[in-house]
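Letter by letter, the chains look like this.
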Amino acid sequence: MAYKITDACVSCGACADACPAGAIAEGDGKYEINADACLECGSCAATCPNEAIVEE
């Protein structure tokens, strides 16, 4: 199941640094996950300090 970043994102970048696939990039006002590149490993969700990343 892919992950998504909610509006609770504060654009800190912790998730992008934690992503082994490089599937996370800064978007318009928050970071975004490229679902096609996502490995569904959960590293991003575990790293997010705001719990802004959830399973879709």
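Residues numbered from 1 in each chain as written. Predicted model: local features only at pLDDT ≥ 70, side-chain atom pairs only at ≥ 80, totals over all residues. Heavy atoms only, no water.

Trainee: Give me the overall build of the chain: which residues, what numbers.
Mentor: When helices and strands are tallied, the chain shows 2 helices and 4 strands. Shown N-terminal to C-terminal, the secondary structure of the chain runs as helices and strands in the order β-α-β-β-α-β. For 56 residues, the compact-globule estimate of 2.2 N^0.38 gives 10 Å, and the chain sits close to it at 9 Å. When the backbone C-alpha atoms are referred to their principal axes, the chain occupies close to 25 × 20 × 20 Å. Taken across its 56 residues, the chain has 30% of its residues classed as buried. (Helix = DSSP H or I, 4+ residues; strand = E, 2+ residues; numbered from the N terminus. Rg over C-alpha atoms; globule rule 2.2 N^0.38 Å. Buried < 20%, exposed > 50% of the residue type's maximum accessible area, 1.4 Å probe, protein only.)

Trainee: How would you summarise the nonpolar core if you had to cite specific residues and measurements?
Mentor: In this structure, Ile5, Cys15, Ile24, Ile33, Cys44 and Ile53 are the most contacted members of the largest nonpolar core, which totals 14 residues. Mapped onto this core, the elements with two or more residues apiece are β1 (3–5) and β3 (31–33). Discounting chain neighbours no more than four positions away, the residues touching Ile33 are Tyr3, Lys4, Ile5, Ala23, Ile24, Cys38, Cys44 and Ile53. (Core = buried A, V, L, I, M, F, W, Y, C linked by side-chain atoms within 4.5 Å. Contact = heavy atoms within 4.5 Å.)

Trainee: An account of unusual backbone geometry is needed here, citing residue identities and associated values.
Mentor: Not every positive phi belongs to a glycine, and Ser11 is a case in point at roughly 60 degrees. Turning to its location among the elements, Ser11 is positioned in the loop between β1 and α1 (14–18). You can call Ser11 partly exposed: its relative accessible area is 26%. Backbone geometry places Glu40, a non-glycine residue, at a positive phi of 60 degrees. Secondary-structure assignment places Glu40 in the loop between β3 and α2 (43–47).

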